[in-house]
Each structure stands twice: as C-alpha cells, then as structure tokens.
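Each chain, letter by letter, is given below.
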Amino acid sequence: MSSQIDHLLNETRRFAPSEEFAASAVATAELYEQAEADREGFWAEQSRTLLHWEKPFTEVLDWSTPPFAKWFADGELNVAYNCLDRHVEAGNGDRVALLWEGEPGDSRRVTYAELTEEVKRLANVLTGLGIEAGDRVAVYLPMIPEAIASMLAVARIGAIHSVVFGGFSADSLRSRIDDAGAKLVITADGGYRKGKVSPLKPAVDQALADRGDGEQLTVEHVLVVRRGENEVAWTEGRDLWWHDVVPAASAEHTAQAFPAENPLFILYTSGTTGKPKGILHTSGGYLTQAAFTHRNVFDLHPESDVYWCTADIGWITGHTYVAYAPLANGATQVLYEGTPEFPQPGRWWEVIEKYGVTIFYTAPTAIRGFMKQGRQIPQRRDLSSLRVLGSVGEPINPEAWIWYREIIGAGRTPIVDTWWQTETGAIMVSALPGVTETKPGSAQVALPGISLDVVDEKARHVGHGNGGLLVVTEPWPSMLRGIWGDPERYRETYWDRFADQGHYFAGDGARLDEDGDIWLLGRVDDVMNISGHRLSTAEIESALVAHEATAEAAVVGASDETTGQAVVAFVILKESYLKLHGPDGLAQQLRAWVSEQIGPIARPRDVYIVGELPKTRSGKIMRRLLRDVAEGREVGDTTTLADTAVMSVISAQVR
Ligand code: WTA
C-alpha cells in the first residue's frame, strides 16, 4: 500500500471548472454552507423540492434507536408516482425516459407516458397475482425496459424487489429467493450477451426445482418476458408470459401513498462471510438522496441532457443511477443491453454518438480496458456531446482519470469520481461539477449534508496528510436500514467497530491529503473488488471446498491491471482424490466450478494447487502473505506463522 500512497502523493495536476460551465451549473458552493448551518433542515428542503409528498412530513430524522434510523417518518409518498406519473401530469409525458439499445442493434424509445402506462398495467398484474405491500418479488432480467418497469411496478404497490444480477448462477438466485422469501420471480427467456442469447429462465427453473430437502418454496408464479426467443421449459399454472398478461391488464391504476420508511428493495451484496447480506433500503430518504446527488453530482438539466450510466440493474449503481434517480428527476437516459465490446470494441462510443449522450457514468475497470485498446477506437466517433464524466466502483488511478478526461472528454469535461456503497444507497463523496477544482485520483469531498471522517483504530481523526479508516459520522437519508432478517449482523458489521462514537464503519481505507481531500485506498476487510463488483473471499472459498477434490482453500484479491483486483485461489486437494485422479486439469476445472456455483464474475484468474496454507498458531489463514505471492512480491513478515517454512514451499509451488 505504501508505494501506492507515494505514487498518489506525487499527483499534482488540478482542473478548475471553466467559467462557462460554472455559470449554468446546477450545484453551487452555497449548498455546503446551507448543509453546514442546518444539516437536517437542508435534507428536508431537498426532499420537499425534489419529491412529491402525498402527505408532507413534519419530522426529519429519528435517531432515537441507533443504528436504526428513520427519515421523514410521518410523511407518505409513492416512489413510482414520483418517477413517472408526476412528470406526465406536469406535461412531460412525451419526453423520452428510455433510449433503449439492444445488443444486436434493435432499439426502442419509451416516453414517460408510455412507461407510466406499462407500469400501471404491470402493477395491476402483480396485484392480480396476489402480491401485496411488503411482499418480496425477485427480478432476474437483462437490461431491457421491462426491468425498469418491473422495479417501478413493485415499488408502486408497496412491495419489495430483490433484483438478482443476470450473471449470477441458479444457486445464487436460489439462496437470494429463499432468504427474501420471494413470492414471484420476474425473468426473461434470455438476454443478449456477446452476440449470443444467454438463457435466464432455465436458471430460474433450476433455482425453483424441488431439491428434496423438505424446504418449502415461497415462489408462486414466474412472469417471463420474451427477449432471447430461446426455447424454455414451461410449468403450467406457475409460469406466465409477460406479453399474455401485461397488455391485457387495465392501464388504470392510482398510486397509493406509503409511509416514507416503507421498504423499497433488498439488494444482496458480499460481506466478509460466505453468506451475502440482504441490504435493505426504504423509500423517502433513499429517493431524496438519489435525486439530489444525481442532479448535483452530474449537473443534470433534465430538459436537455441525455444521460447514460452503464451499470447493470443487478448492482446498486443500476438501482440508484439507472432505475430511480434519473426517473425521479425526469431525465432522458440510455439503457444498453450488452457488453462494451460487442459486436466491436467501440460499441459504447457508437452508442454515445448515436444518442448524443451528454453525461456518462461508468467504472474504472472499463476505462482501463479502453485504454488498453487504444485511443484510436473512441477517436473514430464523435463524442463532442459529452459534458460530464463520472466514475464509480473502485479507486480510479490518475492515469486512467487523465485518459478519461483527455480522450473521452476532449480535455474539457469535469470528471466526478463518486465514492459510495450498496449500503450508503447513494453517492457520499464526490466533486461537484462547476464548483470543485478536481484532482485526478481523489474522490475529494463529502457531499453537502454528508458527514465523514478518516480515523485511526481508536477513532481519532487522523489529520491532513495521513491515512486511516473511512467512517460516516452522522446518519444520512439513503443509508441502509438494516440487513434483511438479521439486525444483529447489521449492528456487528457496520456499527460495533466504532460503537462508542456511533460511527458507521464503511470497510474502506482512505487518506486525507494536505487539503483534506479524500483518497480511497481499497477495502480493509476480506471483501474483494473485481471490476467494481464486490465479492467476498469467504464466498469463493466455500464454493471451492464444495468441490469433491478440495480439502481446503484460501482466496485473495490480487491487484490486476484491468480489473482492479483479480481472484486468486490457493487450494489443497484431498489425498483420496489425488490418489484416484491426480491433479491434472484440476485448476481449470475449479475455475469453471466457481463460475457455475456463483457466476462468471467470481471465476478465479488463477488457481494454485498447494500442499499447505500459511496459518497462525490459532489456525487463522494469513491471506496477507498469500497476496504477496499472488502479486509476485517478496513475502512479508512470517513470524506469526505456526510453521514459518510453509511460505517458501508455497512460493516454490506457485512458481
Ligand atoms: C468501492 C458500488 C474508490 C469501495 C457503488 C466501496 C470505490 C465498494 C469507489 C462498494 C470510488 C466504490 N473510489 N472505491 N469512487 N466507489 N468503491 O457496494 O471499496 O458495489 O466500499 O457499491 O466499492 O461497492 P458496492
């Protein structure tokens, strides 16, 4: 880490906002002052300005039983009404909500009026299927307009969605359905990925198959969108085609208001144990911070901007900055189904040119991938419509930042490096375009209304020029409200570490520079960040040991030029297995196995078959040492190992 810090310390380039940009910028420096003077009053005002409250709130924050916060608790609103109907009622029904581009090149424009109608029909279908407020609905869909419609229809009737990334396996889907007790699954036959139809419905069938374990399935129906036109099996009575039931349903539906703290969604994310956590978000506070950050961080002018966030709806970025915030703000956005490289490496730039995208939000891993392909590819396209560029998911190294600004942004667009998490619900740290002088590599400052600090192990502020742990010191509107079904884990994971101070522990290391700006340094726990996707070492280890050949496994995240981190596994095989089959081809097999068990994003880059793992005397695996090996460094301090010779054996085996 120290060489990384030295490198970052040498970064002195600065980019002040242009006068022209600042003159019409949404954000102003006064926001900081207003929030500073009266934090709760600031959020209350933002919420009243940005959202429609059917019943106005009189309370702002209730923090009487920490760490369980309530925001705007006596107010009532309907999230879908805020994202749809009110724009139509305001005369903007003809404004395009979604500029959808399918991977094979088909496209659809969906206006606010059309999307509102579709969501109303679907809401009627859901109610007809017996879904009520508080029920859980799993969504397992590709990036198609129906995905957005599904989330909003569930929200409209006060039910709770649990979106599962389409790249996750049947097993991952099953465990999420079970944990949430979902009554309905909305899926598609398949979606396009890299020129092929990647099937989804078969994974749902597999997830819902009777495993003979006596476990009662909660799912009553499966609603299927036709997209891939691949063959699918059909369970009569359980499965329904979207195109049979949605168009036939009534387009009349009045959105009922729900209390601000009505749950909106559960989104599973990796923690430090093998079991993903169901992060719970609620309605009023979440939508307030989503809308505020989207408008101010991206300088959104809804009448004229064309916004594009490349995240999949299966991740928090896709929830907040594809589904909810852009629609709450009445924006026009691009929704793209496929990968950046298909059918050719410049596909994203083609999409930007085609739709005249003005605000573009993506991840450092994608930017580094484009850097590798060379500037010629984006330079073939007209990208002059772009005026704000955003980054999210992992630290963006200054080189990638500069490339992004120079090559994609023609040397003039502000770049906002946005730090946040599934748990924070919305952006917490970022520059404000038109206000902040930007620094390549630094996420910079807490947004107005957000209180953060960087502290040492004893919760003491580290001071400028020092590194420590990032904490949030005051509750914020879009904060998670808990972990689904596990309040104890919620407290333990985020609040116990700094219980005396009441700080939220984010799990990230950070450094404050001489100006007090924040530089994120990566996770300090056993959570890895692969291409901006969170995975836990424990989750992959438990998949590895579920294979018949594996006796023991240890997984680390090793730094990787393109993906930020890569999964590297060290595996001890069972003697009995070795005697029968030998080790040949097993590394490959285990890579494929993890991909099947969890999903392709979890596939290890390397699997090393080793004879032993480095353990302390109390039996704890020292991953730090394995990371040294995986990154090709000299192995660090081994004195606490039970057997200090083990690392030289492992190093030799890996080499
Ligand atoms: C990391 C994604 C540095 C961080 C929105 C965090 C970042 C985790 C940044 C959350 C950034 C996210 N700079 N690191 N701009 N943004 N991270 O829940 O480690 O998928 O804790 O949310 O990603 O990942 P999650």
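Residues numbered from 1 in each chain as written. Predicted model: local features only at pLDDT ≥ 70, side-chain atom pairs only at ≥ 80, totals over all residues. Heavy atoms only, no water.

So, on to the UniProt feature "modified residue: N6-acetyllysine" (unreviewed entry) in the protein chain. UniProt's feature table lists "modified residue: N6-acetyllysine" (unreviewed entry) at Lys620, given in the numbering used throughout. Inspection of the secondary structure assignment puts Lys620 in the loop between strand 30 (606-609) and helix 22 (623-630). Beyond its immediate stretch of four places on either side in the chain, Lys620 contacts Pro614 and Lys615. (UniProt positions renumbered as here; feature names shortened; annotations may be inferred. Helix = DSSP H or I, 4+ residues; strand = E, 2+ residues; numbered from the N terminus. Contact = heavy atoms within 4.5 Å.)

The next thing to look at is the site of the ligand. Residues in contact with the ligand amount to 17 residues; listed here are only the nearest, Asp417, Thr418, Thr422, Arg523 and Arg534. Residue Glu394 places a main-chain N or O atom 3.3 Å away from a nitrogen atom belonging to the ligand. Note that a nitrogen atom of the ligand is positioned 2.7 Å from one of the side-chain N or O atoms of Asp417. Here the ligand loses 97% of its free accessible area of 520 Å² to cover by the protein chains. (Near = heavy atom within 4 Å. Polar contact = N/O pair within 3.5 Å; in protein donor to acceptor, adjacent residues only side chain to side chain. Areas by Shrake-Rupley, 256 points an atom, 1.4 Å probe, with all protein chains shown as cover.)

In this section: the nonpolar core. In terms of nonpolar packing, the biggest core is built from 161 residues, with Leu115, Tyr321, Tyr324 and Ile540 touching the most fellow members. The residue makeup of this core includes at least three contributed by each of domain 1 (19-505) and domain 2 (531-654). Membership of the second largest hydrophobic core comes to 30 residues, among which are Leu99, Trp308, Ala366 and Ile396. (Core = buried A, V, L, I, M, F, W, Y, C linked by side-chain atoms within 4.5 Å. Buried < 20%, exposed > 50% of the residue type's maximum accessible area, 1.4 Å probe, protein only. Domains from an automatic or database assignment.)

Moving on, we come to the sheet that holds strand 20 (residues 415-418). Taking strand neighbours across the sheet as the criterion, the 7 strands line up as 5-4-17-16-18-19-20 in an open arrangement whose pairing is mixed. Whereas interior strands pair on both sides, the edge strands pair on one side only; in this sheet they are strand 5 (107-111) and strand 20. This sheet shows a mean twist of 20° between the axes of neighbouring strands, independent of strand direction. Where strand 4 (residues 96-101) meets strand 5, 5 bridges bridge the pair, whose relative direction is antiparallel. The partner of Leu98 across the bridge, within strand 5, is Val110. (Pairing = 2+ DSSP bridges. Axes fitted to C-alpha atoms, helices over the stretch in contact; angles between N-to-C directions.)

A separate point is the UniProt feature "domain: Acetyl-coenzyme A synthetase N-terminal" (unreviewed entry) in the protein chain. The UniProt record annotates "domain: Acetyl-coenzyme A synthetase N-terminal" (unreviewed entry) at residues 29-83. For residues 29-83, helix accounts for 45% and strand for 20%, while the C-alpha atoms at its two ends are 28 Å apart.

What follows covers the pairing of strand 4. Most of strand 4 sits inside the fold, with 6 of its 6 residues counted as buried. Linking strand 4 to strand 5, which pair antiparallel, is a turn of 5 residues; within it Gly105 sits at a positive phi near 105°.

The strand order 12-11-8-6-7-14-15-23 describes an open sheet built from 8 strands, whose pairing is mixed. The sheet is open, and its two edges are formed by strand 12 (239-241) and strand 23 (482-483), each paired on a single side.

Here we come to unusual backbone geometry. Here the amide bond leading from Pro66 into Pro67 is cis, since omega sits at 5°, within 30 degrees of zero. Its place among the elements puts Pro67 in the loop between strand 1 (61-65) and strand 2 (68-71). Of note, the amide linkage connecting Phe342 to Pro343 takes the cis form, showing an omega dihedral of -5°. By the element assignment, Pro343 lies in the loop between strand 17 (332-336) and helix 14 (347-355). One non-glycine residue with positive phi stands out, namely Glu229, at about 60°. Residue classification places Glu229 among the exposed positions, given a relative accessible area of 63%.

We now examine the domain arrangement of the protein chain. When its domains are assigned, the protein chain resolves into domain 1 (19-505) and domain 2 (531-654). The centre of domain 1, based on its C-alpha atoms, is set 33 Å off from the matching centre of domain 2. The interface is formed by 24 residues belonging to domain 1 together with 18 residues belonging to domain 2. Roughly 1,600 Å² is buried in total at the junction of domain 1 and domain 2, and carbon and sulfur atoms are behind 46% of that figure. On the domain 1 side of the contact with domain 2, Ser270, Trp315 and Thr365 bury the most area, a combined 29% of that side's loss. In this structure, the connection of domain 1 to domain 2 is made through 1 salt bridge. For Glu423, the salt bridge goes to Arg534, with nearest N and O atoms at 2.9 Å. Ranked by the residues each element gives to the side of domain 1 that touches domain 2, the list is headed by helix 15 (residues 364-373), at 4 residues. For the side of domain 1 that touches domain 2, a count of residues per class yields 3 nonpolar, 14 polar and 7 charged. (Buried area = accessible area lost by both parts, 1.4 Å probe. Salt bridge = Lys/Arg side-chain N within 4 Å of Asp/Glu carboxyl O. Nonpolar A, V, L, I, M, F, W, Y, C, P; charged D, E, K, R; others polar.)

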